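One letter stands for each residue in the lines below.
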Amino acid sequence: MNVELALYSAQAKTSLGRVHPEPSEPTNSGRNPFQRDRDRILHCAAFRRLEYKTQVFLNHEGDDFRTRLTHSLEVAQIGRAIARRLQLNEDLVEAISLAHDLGHTPFGHAGQDALNACMHQHDGFEHNLQSLWVVDELEERYPTFNGLNLSYETREGILKHVSRKNIRIHQNWLGALADRFENNLQPSLEAQLANIADEVAYSNHDIDDGIRSGLLEMDSLNDTELWNSRRHIVLKLYPNLEGRRLRHEVIRHMLHVLIDDLVNHSKLLIAQYHPKSIDDVRHLPPLISFSDGMQHQVVELKSFLFKNLYRHPRVVDVTHEAATQINFMFSFFLENPREIPAHFRVQDINHPHRRIAHYIAGMTDRFARSEFMRFAT
Ligand code: MG
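Residues numbered from 1 in each chain as written. Predicted model: local features only at pLDDT ≥ 70, side-chain atom pairs only at ≥ 80, totals over all residues. Heavy atoms only, no water.

### Considering unusual backbone geometry
Right, on to step 1. The phi dihedral of glutamine 87 is positive, around 55 degrees, even though this residue is not glycine.
Right, on to step 2. Position of glutamine 87 relative to the elements: it lies in the loop between α3 (68–85) and α4 (90–99).
Right, on to step 3. A positive phi angle is found at phenylalanine 107, which is not glycine, with a value near 65 degrees.
Right, on to step 4. Tracing the chain through its elements places phenylalanine 107 in the loop between α4 and α5 (108–118). (Helix = DSSP H or I, 4+ residues; strand = E, 2+ residues; numbered from the N terminus.)

### As for the nonpolar core
Right, on to step 1. Of all hydrophobic cores here, the largest spans 51 residues; its most connected members are Ile207 and Trp227.
Right, on to step 2. Contributions of two or more residues to this core are made by α3, α11 (189–213), α12 (225–237), α13 (243–273) and α15 (292–310).
Right, on to step 3. Here this core takes eleven residues from α13, the largest share from any one element.
Right, on to step 4. Those residues in contact with tryptophan 227 that sit more than four places away from it in its chain are Ile207, Ile211, Met218, Leu221, Asn222, Arg247, Val250, Ile251 and Met254.
Right, on to step 5. Among the nonpolar cores identified, the runner-up in size contains 28 residues, and Leu132, Leu148, Leu159 and Leu174 belong to it. (Core = buried A, V, L, I, M, F, W, Y, C linked by side-chain atoms within 4.5 Å. Buried < 20%, exposed > 50% of the residue type's maximum accessible area, 1.4 Å probe, protein only. Contact = heavy atoms within 4.5 Å.)

### What about the coordination of the magnesium ion?
Right, on to step 1. Taken together, His71 (NE2), His100 (NE2), Asp101 (OD) and Asp198 (OD) make up the full set of protein donors to the magnesium ion, lying 2.2 to 2.6 Å away.
Right, on to step 2. When the donors of the magnesium ion are listed by position in the chain, the intervening gaps give H-x28-H-D-x96-D. With a gap of 97 residues between them, aspartate 101 in the loop between α4 and α5 and aspartate 198 in helix α11 connect regions that are remote in the sequence. There is no split in this pair, since aspartate 101 and aspartate 198 are both buried. (Donors = N, O, S within 2.8 Å, 3.2 Å for Na, K, Ca; no water.)

### Points about the packing of aromatic side chains
Right, on to step 1. Across all of its chains, the model carries eight aromatic pairs by this definition.
Right, on to step 2. For the ring pair phenylalanine 333 and phenylalanine 375, a centre distance of 5.8 Å and an interplane angle of 80 degrees mean the geometry is edge-to-face. Taken together, the residues phenylalanine 333 in helix α16 (residues 313–335) and phenylalanine 375 in helix α19 (residues 365–376) connect sequence positions 42 residues apart.
Right, on to step 3. When its relative accessible area of 1% is taken as the criterion, phenylalanine 333 is described as buried.
Right, on to step 4. The buried category is assigned to phenylalanine 375, whose relative accessible area is 16%.
Right, on to step 5. An aromatic cluster of three or more residues is present, and its members are Phe328, Phe332, Phe333, Tyr359, Phe372 and Phe375. (Phe/Tyr/Trp six-rings, centres within 6.5 Å; stacked < 30°, edge-to-face > 60°.)

### Here's the deal with the packing of α16 against α19
Right, on to step 1. One way to put it is that α16 packs onto α19 with a least axis distance of 10 Å and a crossing angle of 60 degrees. It follows that α16 is oblique to α19 by the angle criterion. Along this stretch, α16 crosses α19, giving a crossing that reads as left-handed. Facing α16, whose interface residues are Gln325, Phe328, Met329, Phe332 and Phe333, α19 presents Ala368, Arg369, Glu371, Phe372, Phe375 and Ala376.
Right, on to step 2. Of the residues contributing to the contact of α16 with α19, the split by class is eight nonpolar, one polar and two charged. (Axes fitted to C-alpha atoms, helices over the stretch in contact; angles between N-to-C directions. Parallel < 35°, antiparallel > 145°, perpendicular 65-115°, else oblique. Left-handed = near helix turned anticlockwise from the far one by under 90°. Nonpolar A, V, L, I, M, F, W, Y, C, P; charged D, E, K, R; others polar.)

### A few points about the packing of α12 against α13
Right, on to step 1. One way to put it is that α12 packs onto α13 with a least axis distance of 9 Å and a crossing angle of 115 degrees. Considering how the two elements wind past one another, α12 and α13 form a crossing that is right-handed. Contacts from Leu226, Trp227, Arg230, Arg231, Ile233, Val234, Leu235 and Leu237 in α12 reach Leu246, Arg247, Glu249, Val250, Ile251, His253, Met254, Val257 and Leu258 in α13.
Right, on to step 2. A class-by-class count of the residues in the contact of α12 with α13 yields twelve nonpolar, one polar and four charged.

Given below as structure tokens:
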């Protein structure tokens, strides 16, 4: 169902367009620029590889755990549901959500930290910038340009953060996308929303996966206000509920209360600042936001997960192994560049370290493991 877009939403008719001019879509195809972006992302190789990349639990640990792919789909679902209620551009939120993790390395955050350490002397590795690299340069699908040639607004949403150093180094490439960080401007509300939908998605699905894996005790979550308050409500409705049905029902209630709070508080802020265009939005404070009370509960839950799940000895052990594999491959490909596939050797020809970072970042967990086994043994 199409909801009428608000004045403050991102709209096709005011889009800042694509880097490489393209004929507009034939009117009979019925797609707007952001739907075309979404379709390009969905059809690209980096998107398919998300299926075999770790979210928190390594891909081979169990079939029910989230991967980067199912995580991205959940972000898109949550983002679109909220976009409809705020009369934002659902297509743009979907495109940004599906693309937001394209630059993630194999083996989750451990892989990213390892690659960043390998690139320490060579401008580092940032996953947000890498996602933009994928859609701007690394995908090879079109006859006359690199990348997917996405709309400005989609790229703006993908680059949710970048270091000052990389802004300087990549000024020509990033252009206006980087100016907003220098000038303290905000991205579109759709980009702000995709960012928070990411947080809502992982905070909830990591609880689900954490309990399923046995690394989190369900009762230990009672120390957090968000979980505990929803658990009380659920147990009032279903006093005998336990196990996975209790877990799922509490998470469902948490999602509802988070989304309701986000929608209501953002509506208040929008009414208060009254933006009349996306340009107004860029010059105002962030308008997609939880209320203070809910923000407090979200922070508490995230620090609980950080302490008890992301830094759990079993997660850390496995990720150490991942770092070893990435470190080995980085040195190996530096010494043996001909082991990098020929089509990749043309990328960043003058920056051998960056080229290897691109190559390793694009690997899935299983491909990285098999390359490691092939060369290290
Ligand atoms: Mg994410």
